[in-house]
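# Structural description and commentary
Each chain, written out:
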Amino acid sequence: MSTYTVRALPDLFTFRDGARIQRSGDWPRRRQELLDAIVPLEYGGLPPKPHTTRGEELHTSAVRRLESAHYITCRVVAEFDRPFSFLLYLLVPPGPGPFPVVLNGDACWSYVTDEITAEVLRRGNILAQFNRVEIAADVRDADRSSGLYPFAAGTTFGALAAWAWGYHRCIDVLTNLEFVNAAQIAVVGHSRGGKASLLAGATDERIALTSANDSGCGGAGCYRFQGPNSETLADIVGRFPYWFGPSFGDYIGRETELPFDQHFLKAAVAPRLLLTTEALGDLWANPTGAWQTHEAAREVYRFLGVEARIGIWYREGGHAHSQADWETLLDFMDWQFRGTQPIFQYDQNPFAEA
Ligand code: GCU
């Protein structure tokens, strides 16, 4: 028996002017309203787009032990009135391509083992990685003097939005590489990196598949549905105020007054592919709340006639971006991009009462 309350989530289908969505053609306008409600208030808005982005190849070498892949180091250069740059690393399988891509921003954590890498490549995908903390350090920077911040004076975006912006700049580069299948780019991240990958996917329609692992509060979680021992708005803004927009903390204790919940972010991915992977023992990341946002967003996918494009997957165990989580994403990609039979079930409700 549940001992906590499920509060009604803000409606995804009613426009701000009170009109109801009638047909799938109405969705782009409602999607934009969802983004307008959540991105400025929660994340402080996105950093500005640069005038141009270019990729500079710095080095290429062969890596035999990893499926004979090519390892390419590339500099992503975003041109404002002066250039801002960070590094992007690609492992490309042998053959002419074009290949689907898995783009991960969590290079700072270095949890992608050789075994995971080999599996990504073996299935014919490029593994692209960057280090999101090059764009905004994961430390409190009260005067916004490092990373991307000085390039965007007068802005209020927090670190999660800066990290999402990093995904977008990598997409600028990836979509111009002839060995990349630009229509099959997936983004993924873990935990705070998953909050960023979800935000990146919600706000950029070039991203074919959005995935987030154990992303919890500010990610796939839910402010109106806090499972036992899950991280709350007060917890997260108390410890990581620099991840968010400056006014988000005003809603501590008033979560039901938020004009959105995290299902807005998931729904903004629709009708594109969305997979969230969760761990049942990772209570801090609110796996039960993630089910609530999934169910709510799934209604949009259903309405658009693409229900199979949204998935959620739960495993036993705790907070980690494990081999099993990666294999689930790769399987989902194979199913959606290559039409292979899925191994996993992507809509299991582990909380259903027997
Ligand atoms: C902390 C934080 C979480 C975050 C996690 C992580 O636990 O409270 O919100 O997801 O770090 O990034 O591992």
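Cut-offs applied
- Residues numbered from 1 in each chain as written.
- Predicted model: local features only at pLDDT ≥ 70, side-chain atom pairs only at ≥ 80, totals over all residues.
- Heavy atoms only, no water.
- Helix = DSSP H or I, 4+ residues; strand = E, 2+ residues; numbered from the N terminus.
- Rg over C-alpha atoms; globule rule 2.2 N^0.38 Å.
- Buried < 20%, exposed > 50% of the residue type's maximum accessible area, 1.4 Å probe, protein only.
- Contact = heavy atoms within 4.5 Å.
- Phe/Tyr/Trp six-rings, centres within 6.5 Å; stacked < 30°, edge-to-face > 60°.
- Near = heavy atom within 4 Å.
- Polar contact = N/O pair within 3.5 Å; in protein donor to acceptor, adjacent residues only side chain to side chain.
- Areas by Shrake-Rupley, 256 points an atom, 1.4 Å probe, with all protein chains shown as cover.
- Nonpolar A, V, L, I, M, F, W, Y, C, P; charged D, E, K, R; others polar.
- Expected span 1.5 Å × (residues − 1).
- Axes fitted to C-alpha atoms, helices over the stretch in contact; angles between N-to-C directions.
- Parallel < 35°, antiparallel > 145°, perpendicular 65-115°, else oblique.
- Left-handed = near helix turned anticlockwise from the far one by under 90°.
- Pairing = 2+ DSSP bridges.
- Right-handed = clockwise from strand over helix to strand, strands pointing away.
- Core = buried A, V, L, I, M, F, W, Y, C linked by side-chain atoms within 4.5 Å.
- Salt bridge = Lys/Arg side-chain N within 4 Å of Asp/Glu carboxyl O.

### Here's the deal with the overall build of the protein chain
Of the regular secondary structure elements, the protein chain holds eight helices and nine strands. What you see for the protein chain is a C-alpha radius of gyration of 19 Å, in line with the 20 Å of a compact globule of 354 residues. On the principal axes, the C-alpha backbone points of the protein chain span a range of 55 × 50 × 40 Å. Relative to its full complement of 354 residues, the protein chain shows a buried share of 57%. Taking as baseline every contact in the protein chain between residues at least 6 positions apart, the subset at least 24 positions apart corresponds to 72%.

### Describing the packing of aromatic side chains
Here the structure, examined in full by the defined rule, presents 27 aromatic pairs. Between Phe-13 and Phe-303, the aromatic rings sit 5.6 Å apart at their centres with planes inclined by 75°, giving edge-to-face as the arrangement. Note that Phe-13 is positioned in the segment before helix 1 (27–43) and Phe-303 in helix 7 (residues 287–303), a separation of 290 residues in sequence. Phe-13 sits in the buried class, given a relative accessible area of 14%.

### Some points on the site of the ligand
The ligand sits among Trp-109, Ser-191, Arg-192, Lys-195, Glu-231, Ile-236, Arg-239, Phe-240, Trp-243, Trp-284 and His-319. One nitrogen or oxygen atom from the side chain of His-319 is found 3.1 Å from an oxygen atom belonging to the ligand. Protein contact buries 87% of the 320 Å² of open area that the ligand shows by itself. Of all the secondary-structure elements, those providing two or more residues to the shell around the ligand are helix 4 (192–202) and helix 5 (233–239). The class makeup of the residues in the shell around the ligand is five nonpolar, two polar and four charged.

### A short note on helix 8 (residues 323–338)
With 16 residues, helix 8 should reach 22 Å at 1.5 Å per residue; the first-to-last C-alpha distance of 21 Å fits that figure. Of all the positions in helix 8, only Asp-325, Trp-326, Thr-328, Leu-329, Leu-330, Asp-331, Phe-332, Met-333, Asp-334 and Phe-337 are classed as buried.

### A closer look at the packing of helix 3 (residues 159–174) against helix 4
Their axes nearest at 8 Å, the elements helix 3 and helix 4 cross at an angle of 60°. By the angle class used here, helix 3 and helix 4 are oblique. In this structure, helix 3 crosses over helix 4, and the sense of that crossing is right-handed. Contacts between helix 3 and helix 4 involve Leu-160, Ala-161, Trp-163, Ala-164, Tyr-167 and His-168 from the first element and Arg-192, Gly-193, Lys-195, Ala-196, Ser-197, Leu-199 and Ala-200 from the second. Of the residues in the contact of helix 3 with helix 4, the class split is eight nonpolar, three polar and two charged.

### A few points about the pairing of strand 4 (residues 99–104)
Burial of strand 4 is extensive: six of the six residues sit out of reach of the surface. Note: strand 4 against strand 6 (residues 180–188), five bridges, orientation parallel. By the bridge assignment, Val-102 is partnered in strand 6 with Ala-186. Here strand 4 runs beside strand 5 (residues 126–130); their pairing, made up of four bridges, is parallel. Across the sheet, the residue bridging to Leu-103 is Ala-128, located in strand 5. For the crossover that starts at strand 4, traverses helix 2 (residues 114–122) and ends in the parallel strand 5, the hand is right-handed.

### Re the environment of Glu-295
When you line up the elements, Glu-295 lands in helix 7. Along the chain, Glu-295 and Ile-310 lie 15 residues apart, while their C-alpha atoms are 9.8 Å from each other.

### A closer look at the nonpolar core
One broad trend across soluble globular proteins is that nonpolar side chains are buried collectively. Residues Leu-88, Leu-90, Leu-103, Leu-174, Trp-243, Phe-244 and Phe-248 are the most contacted members of the largest nonpolar core, which totals 89 residues. At twelve residues, helix 3 tops the list of elements feeding residues into this core. Once you skip the residues sitting within four places of it in the chain, Leu-103 turns out to touch Leu-88, Ala-128, Phe-130, Tyr-167, Cys-170, Ile-171, Leu-174, Ala-186, Val-187 and Val-188.

### Some words on the pattern of salt bridges
Taken as a whole, this structure holds 25 salt bridges when the rule is applied. The partner of Glu-56 in a salt bridge is Arg-75, with the nearest N and O atoms 3.4 Å apart. With Glu-56 in strand 1 (residues 52–63) and Arg-75 in strand 2 (residues 69–79), this residue pair connects regions lying 19 residues apart in the sequence. A salt bridge links Arg-315 to Asp-214; the nearest nitrogen and oxygen atoms lie 3.8 Å apart. Remark: Asp-214 occurs in the loop between strand 7 (209–213) and helix 5 and Arg-315 occurs in strand 9 (residues 310–315); sequence separation between them is 101 residues. For Arg-315, a relative accessible area of 11% translates into the label buried. What emerges from the salt-bridge pattern is a single network uniting Glu-119, Arg-122, Arg-123, Asp-334 and Arg-338.

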